[in-house]
Amino acid sequence: MAKRVVIIGGVATGMKTASRLRRRDKDAEIIVLERGPQLSYGACGFPYFISGEVKNFNSFDHTPQGVARDSEFFRKVKGVDARVGCNVTAIDRAAKTVTYVENGAEKTLPYDVLVLGTGSTPVKLPLPNADAEGIHSFWFPWDVLAVDKELKERKVTDVVIIGAGFIGMELAEAMKNRGLNVSIVEMQDRLLPQMLDKEMADLLKRNIKNSGLNLHLGEKTVGFTVENGVVTGVETDKGIIPAQLVVVAVGVRPNVELAKAAGLEIGPTGCIAVNEYL
Ligand SMILES: Cc1cc2nc3c(=O)[nH]c(=O)nc-3n(C[C@H](O)[C@H](O)[C@H](O)COP(=O)(O)OP(=O)(O)OC[C@H]3O[C@@H](n4cnc5c(N)ncnc54)[C@H](O)[C@@H]3O)c2cc1C
């Protein structure tokens, strides 16, 4: 009998695994359970939508020929049963089943092999007013659309990006190219602090400054100023930086709750521990 492989998570890891598995095993039954509304989108290009270089948002989850990479596409073209709106709530490793909720109904699905492609969630700053209008993450497709909508509909001239990692830096460049006054706030003393030592980061800093971005390095965000529920600035330990739109790009945390509850080992970095085969 054909093996049933259940994959939890339907973005990069999940859908890549499904497609690769199909190429290696034409008989396997492959089921993907994704809790969100979209499959297989390419988040790496999101900043270029904000800069205007990518005009069509659909291009992030459509093939180059313009076909949506949705459940129907995966069923017809890849032979994969990819279901959206299915939130997996438990894994029973002894019984080899997963429990998930779809349209409010709880369902159980047996598996022979289970793949976790549950990804990560952006970190929110636990600070006063952090939920004010105009303060965004930049991770999910709907974050990007919300940022773009606000840039179009509100009078935004000043943007603050909190976090000088890859996403913060790419987005800062994109916002600058859109003609906005952009400030980057980073609590460490350098740009790309996870990547570069001070010497290399100083070279980059010179270039970035020349490009017209405002840098606030070694500056810790302590809160937000707000008027009528809408952000007006970022408060740091050194002062207030005016902003009508703020993006918090201070990293992501792995979604390990399911794995943890199922008794899987969590490694020292807080991610699911893997062995030498992954
Ligand atoms: C702006 C931006 C730029 C980027 N640029 C680059 C780049 O240049 N290069 C690069 O390598 N990477 C880049 N990345 C990162 C890259 O997009 C991610 O590493 C990639 O999306 C990770 O894919 P994933 O499938 O592992 O996880 P995710 O994309 O996090 O997807 C996991 C999915 O699992 C689902 N899920 C979680 N729990 C459950 C559950 N219990 N039940 C059902 N579904 C569940 C979630 O809803 C989610 O859709 C960028 C990301 C962003 C946002």
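Residues numbered from 1 in each chain as written. Predicted model: local features only at pLDDT ≥ 70, side-chain atom pairs only at ≥ 80, totals over all residues. Heavy atoms only, no water.

The name given to the protein chain in an unreviewed UniProt entry is FAD-dependent pyridine nucleotide-disulfide oxidoreductase, with gut metagenome as the source organism. UniProt lists a comment for the protein chain under the heading Cofactor (unreviewed entry), and it reads "FAD". (UniProt positions renumbered as here; feature names shortened; annotations may be inferred.)

A. Here's a closer look at the overall build of the protein chain. Assigned secondary structure in the protein chain consists of seven helices and 17 strands. In terms of overall dimensions, the protein chain has a C-alpha envelope of 65 × 40 × 40 Å along the principal axes. A buried classification covers 42% of the 278 residues belonging to the protein chain. Of the contacts formed within the protein chain by residues at least 6 apart in sequence, a portion of 59% connects residues at least 24 apart. (Helix = DSSP H or I, 4+ residues; strand = E, 2+ residues; numbered from the N terminus. Buried < 20%, exposed > 50% of the residue type's maximum accessible area, 1.4 Å probe, protein only. Contact = heavy atoms within 4.5 Å.)

B. Broad picture of the nonpolar core. Of all hydrophobic cores here, the largest spans 32 residues; its most connected members are Ile50 and Met175. Of all elements in the fold, only α2 (46-51), α4 (141-153), β10 (158-162), α5 (166-177), β11 (181-186), α6 (198-210), β12 (214-217) and β16 (245-248) reach the threshold of two or more residues within this core. Broken down by element, this core gets its largest block of residues, five residues, from α5. The residues that make up this core include at least three from each of domain 1 (4-119 + 255-261) and domain 2 (122-252). Among residues more than four places away in sequence, those in contact with methionine 175 are Ile50, Val147, Leu151, Val159, Ile161, Leu180, Val182, Leu245 and Val247. (Core = buried A, V, L, I, M, F, W, Y, C linked by side-chain atoms within 4.5 Å. Domains from an automatic or database assignment.)

C. Focus on α4. Its 13 residues place the ends of α4 18 Å apart at the C-alpha level, agreeing with the 18 Å of an ideal helix rising 1.5 Å per residue. Buried within α4 are the following residues: Pro141, Asp143, Val144, Val147, Asp148, Glu150 and Leu151. Considering only its buried residues, α4 is in contact with α2, β9 (135-136), α5 and β16. (Expected span 1.5 Å × (residues − 1).)

D. Inspection of the layout of surface pockets at higher detail. Taken as a whole, the largest pocket spans an internal volume of roughly 1,100 Å³. Val11, Ala12, Tyr41, Gly119 and Trp139 are, among the 44 residues lining the largest pocket, the residues nearest its centre. Elements represented by at least two residues in the lining of the largest pocket include exactly α1 (12-24), α2, α3 (71-78), β4 (86-92), β8 (120-122), α5 and α7 (257-261). Among the elements that line the lining of the largest pocket, the one with the most residues is α1, at seven residues. By residue class, the composition of the lining of the largest pocket is 20 nonpolar, 16 polar and eight charged. Both domain 1 (4-119 + 255-261) and domain 2 (122-252) contribute no fewer than three residues apiece to the lining of the largest pocket. (1 Å grid on protein atoms, 1.4 Å probe; cavity = no way out; pocket = protein on both sides within 12 Å on 5 of 7 lines; lining within 4 Å. Points joined across faces, edges and corners; volume = space filled by probe spheres on them. Nonpolar A, V, L, I, M, F, W, Y, C, P; charged D, E, K, R; others polar.)

E. Here's a closer look at the UniProt feature "domain: FAD/NAD(P)-binding" (unreviewed entry) in the protein chain. UniProt's feature table lists "domain: FAD/NAD(P)-binding" (unreviewed entry) at residues 4-278, given in the numbering used throughout. As a span, residues 4-278 carries 25% helix and 29% strand, and end to end its C-alpha atoms are 21 Å apart.

F. Seen up close, the side chain of asparagine 255. Tracing the chain through its elements places asparagine 255 in the loop between β17 (252-254) and α7. Within polar-contact distance, the side chain of asparagine 255 engages the side chain of threonine 121 at 2.5 Å. Not counting residues up to four positions away in its chain, the partners in contact with asparagine 255 are Arg35, Thr118, Gly119, Ser120 and Thr121. (Polar contact = N/O pair within 3.5 Å; in protein donor to acceptor, adjacent residues only side chain to side chain.)

G. Region of the structure containing α1. Over its 13 residues, α1 runs 18 Å from end to end, which matches the ideal 18 Å to within 8%, given 1.5 Å per residue. Within α1 the residues assigned to the buried category are Gly14, Met15, Ala18, Ser19 and Arg22. Looking down the long axis of α1, one finds its buried residues gathered within 125° of arc, a one-sided arrangement. In α1, the exposed positions angled more than 90 degrees off the buried face are occupied by Ala12, Lys16, Arg23 and Arg24. On its buried face, α1 sits against β1 (4-8), β2 (29-33), α3 and β3 (81-83). (Arc of directions from axis to C-beta.)

H. Geometry of the domain arrangement of the protein chain. Each assigned domain of the protein chain is listed here: domain 1 (4-119 + 255-261) and domain 2 (122-252). A separation of 30 Å is found between the C-alpha centroids of domain 1 and domain 2. Across the boundary between the two partners, domain 1 contributes 13 residues, which contact 16 residues of domain 2. Note on domain 1 versus domain 2: buried area summed over both sides is about 1,200 Å², and carbon and sulfur give 73% of it. Area buried by domain 1 at its contact with domain 2 is led by Phe46, Pro47 and Ile50, which between them contribute 47% of it. Between domain 1 and domain 2 we count one residue pair in polar contact (both at pLDDT 80 or more) in total. Considering only residue class, the side of domain 1 that touches domain 2 consists of ten nonpolar, two polar and one charged. (Buried area = accessible area lost by both parts, 1.4 Å probe.)

I. Molecular detail of the site of the ligand. What surrounds the ligand is a group of 22 residues, the closest being Val11, Ala12, Thr13, Glu34 and Val88. Contacts to the ligand include threonine 13, whose side-chain N or O atom sits 2.5 Å from an oxygen atom. When the free accessible area of the ligand is taken as 1,000 Å², the share hidden by the protein chains comes to 77%. Take the shell around the ligand: its biggest share by element is three residues, from β4. If you count residues domain by domain, the shell around the ligand takes at least three from each of domain 1 (4-119 + 255-261) and domain 2 (122-252). (Near = heavy atom within 4 Å. Areas by Shrake-Rupley, 256 points an atom, 1.4 Å probe, with all protein chains shown as cover.)

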